[in-house]
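Overview (structure and organization)
Listed here are the chains, written in short residue letters.
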Amino acid sequence: MASTETGVPGASGASGASGGNLSTDTKVSKDDHLAGLEAGLDALETRAEERVSLGSVLLSKLVPPLVAVVLVITGWQFAAVSGIKPDYVLPGPLDVWHSIERMWLEGTLIGYIWTSVSRGALGFIVSVAIGTPLGLLVARVKVVRAAIGPILSGLQSLPSVAWVPAAIIWFGLTDATIYAVVLLGAVPSIANGLVAGVDQIPPLYLRAGRTIGATGVNGIRHVLLPAALPGYLAGLKQGWAFSWRSLMAAELIASSPDLGTGLGQLMENFRTYSDMSGVLATIILILIVGIGIDLLFFSPLERRVLRSRGLLVRS
């Protein structure tokens with residue numbers, strides 16, 4: 001009996017120890033499995049930094065647009081020499097290039113471009129100063145949104161050229177007319193972009209900001225605007241596009257020697273003299289300036305914002 005009693009507790013103790021070890025081993029195995037799973041997920045989201053050669057960058061970034069430009073010029077040249085239209089109606093690429101070259105040699109090309117770019121930049125800056133608080137007001141105050149929101153959407157869809165006759169009557173052939181058209185074209189886009197960005201903020205961000213005391217101006221500065229930045233940046237980008245388009249419409253119609261010659265007025269001057277090469281040259285210059293501003297300023301800023309939020313992977 002003694003040996004039996006002694007053997008039973010021993011067996012029970014061994015069994016308990018074995019069960020404890022088994023439970024511990026199972027727990028360790030699960031922890032290792034979860035750790036491995038998390039490491040695998042992190043590895044999937046993390047790309048190793050690879051050194052990209054200059055040839056690869058040129059091949060992926062420069063070759064496609066250059067090929068597209070060559071194809072467009074080739075098609076243009078083919079249409080010009082095919083006799084579809086007389087050469088004074090549809091000049092070839094070389095004729096247009098000679099018009100640009102002539103303005104460059106005369107020393108007037110940079111002045112035309114600078115007149116329009118400086119007007120567009122100043123009008124855009126003022127539009128941002130007006131559109132940003134207006135967008136915040138519409139986004140955060142329900143009564144203001146109900147009253148002004150539909151008006152902003154309507155103004156954004158209204159062609160900016162429609163404001164030119166009214167602005168001429170209000171301000172005459174002055175710079176105020178041009179800036180008024182630019183503001184009326186750009187402010188609604190900037191305000192609506194900010195409203196869209198604020199509407200996309202998760203409510204948890206705003207509650208967390210209030211919890212840590214970020215209310216009022218501090219809440220707007222440290223929580224609201226940073227969280228709405230992607231949508232706000234899209235509104236700024238669109239606002240610049242509307243500024244540039246509105247400026248060209250204003251310069252094209254409200255032309256006067258006292259205003260100086262921008263690209264819009266230059267195109268109207270070429271039209272007056274039936275110089276189609278000059279008209280097409282001016283159109284190309286307007287296009288190049290618009291693309292250049294986007295590539296040099298807005299696109300890098302947009303990539304930086306998206307990359308900082310993990311929405312764009314560095315390649």
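Scroll up for the structure.
Just so it is clear, the model here is predicted, and its values are computed rather than measured. (Residues numbered from 1 in each chain as written. Predicted model: local features only at pLDDT ≥ 70, side-chain atom pairs only at ≥ 80, totals over all residues. Heavy atoms only, no water.)

So, about the overall build of the chain. Of the regular secondary structure elements, the chain holds 13 helices and zero strands. For the chain, the residues scored as buried account for 31% of the 315 residues in total. A sequence separation of at least 24 residues applies to 70% of the contacts in the chain between residues at least 6 apart. Entry remark: accessible area of the chain is about 19700 Å², with carbon and sulfur atoms responsible for 67%. (Helix = DSSP H or I, 4+ residues; strand = E, 2+ residues; numbered from the N terminus. Buried < 20%, exposed > 50% of the residue type's maximum accessible area, 1.4 Å probe, protein only. Contact = heavy atoms within 4.5 Å. Areas by Shrake-Rupley, 256 points an atom, 1.4 Å probe, with all protein chains shown as cover.)

Turning to the pattern of salt bridges, a few remarks are in order. Tallying each qualifying case throughout the model produces six salt bridges. A salt bridge links Arg119 to Glu251; its shortest N-O distance comes to 2.9 Å. One end of the pair, Arg119, is in helix α5 (residues 109–140); the other, Glu251, is in helix α11 (residues 229–253), with 132 residues separating them in the sequence. In this structure, Arg119 and Glu251 share a single accessibility class: buried. Across the salt bridge formed by Glu268 and Arg271, the nearest N and O atoms sit 2.6 Å from each other. (Salt bridge = Lys/Arg side-chain N within 4 Å of Asp/Glu carboxyl O.)

Among the surface-exposed residues, Leu287, Ile291, Leu295, Leu296, Phe297 and Leu301 lie close enough to one another that they form a single nonpolar patch of about 620 Å² accessible area. Locating Leu296 in the fold gives a position in helix α13 (residues 276–308). (Patch = residues over 30% accessible without salt bridge, like charges linked within 9 Å, V, L, I, M, F, W, Y side chains within 5 Å.)

Our next topic: helix α6 (residues 142–157). Under the 1.5 Å per step criterion, the end-to-end length of α6 is 22 Å for 16 residues, consistent within 8% with the ideal 22 Å. Of all the bends in α6, the greatest reaches close to 40° and is centred on Ile148; the proline Pro150 follows between one and four positions later. Of all the residues in α6, the buried ones are Val144, Gly149, Leu152 and Gln156. Against α5, α8 (175–199) and α11 lie the buried residues of α6. (Expected span 1.5 Å × (residues − 1). Bend = angle between axes of the 7 residues up to and from the residue.)

With that settled, consider the packing of aromatic side chains. Scanning the model with the defined rule gives five aromatic pairs in all. Taking the centre distance of 4.8 Å and the plane angle of 85° together, the rings of Phe297 and Phe298 count as edge-to-face. For Phe297, a relative accessible area of 47% translates into the label partly exposed. Members of the aromatic cluster, connected to one another through ring pairs, are Phe124, Trp240, Trp244, Phe297 and Phe298. Sitting over the face of the ring of Phe242, Arg245 holds its NZ or CZ atom 4.9 Å from the ring centroid. (Phe/Tyr/Trp six-rings, centres within 6.5 Å; stacked < 30°, edge-to-face > 60°. Lys NZ or Arg CZ within 6 Å of the ring centre and 35° of its normal.)

Before going further, it helps to examine the packing of helix α4 (residues 93–106) against α5. The relative placement of two packed helices comes down to the angle between their axes together with the axis-to-axis distance. Running from N to C, α4 and α5 point in directions that differ by 95°, and their axes come no closer than 6 Å. With respect to α5, the axis of α4 lies roughly perpendicular. Contacts between α4 and α5 involve Ile100, Met103 and Trp104 from the former and Leu109, Ile110 and Tyr112 from the latter. In the contact of α4 with α5, the residues fall into six nonpolar, no polar and no charged. (Axes fitted to C-alpha atoms, helices over the stretch in contact; angles between N-to-C directions. Parallel < 35°, antiparallel > 145°, perpendicular 65-115°, else oblique. Nonpolar A, V, L, I, M, F, W, Y, C, P; charged D, E, K, R; others polar.)

All right, on to the side chain of Gln156 then. If you trace the backbone, Gln156 turns up in helix α6. Given the relative accessible area of 19%, Gln156 is considered buried. A distance of 2.6 Å separates the side chain of Gln156 from the side chain of Asn192, its partner in a polar contact. Not counting chain neighbours up to four residues away, the residues in contact with Gln156 comprise Pro188, Ser189, Asn192, Gln238 and Phe242. (Polar contact = N/O pair within 3.5 Å; in protein donor to acceptor, adjacent residues only side chain to side chain.)

Attention shifts here to the nonpolar core. Ranked by internal contacts, the top residues of the largest apolar core, which has 48 residues, are Met103, Ile113, Val198, Leu236, Trp244 and Leu263. Of all the secondary structure elements, the ones that give two or more residues to this core are α4, α5, α6, α7 (163–171), α8, α11, α12 (263–272) and α13. With near-sequence residues (within four places) excluded, Leu263 lies in contact with Tyr112, Ile113, Ser116, Trp244, Met248, Glu251, Thr282, Leu285 and Ile286. (Core = buried A, V, L, I, M, F, W, Y, C linked by side-chain atoms within 4.5 Å.)

This part takes up the packing of α5 against α12. At their nearest, the axes of α5 and α12 sit 8 Å apart, and the two run at 130° to each other. Here α5 lies oblique to α12, going by the angle between them. Contacts between α5 and α12 involve Tyr112, Ile113 and Ser116 on the former and, on the latter, Leu263, Gly264 and Leu266. Along the lines of polarity and charge, the residues of the contact of α5 with α12 split into four nonpolar, two polar and no charged.

If you check the backbone angles, Ser274 has positive phi at about 55° while not being a glycine. In this structure, Ser274 sits in the loop between α12 and α13. Look at Ser274 and you get exposed, because its relative accessible area is 62%.

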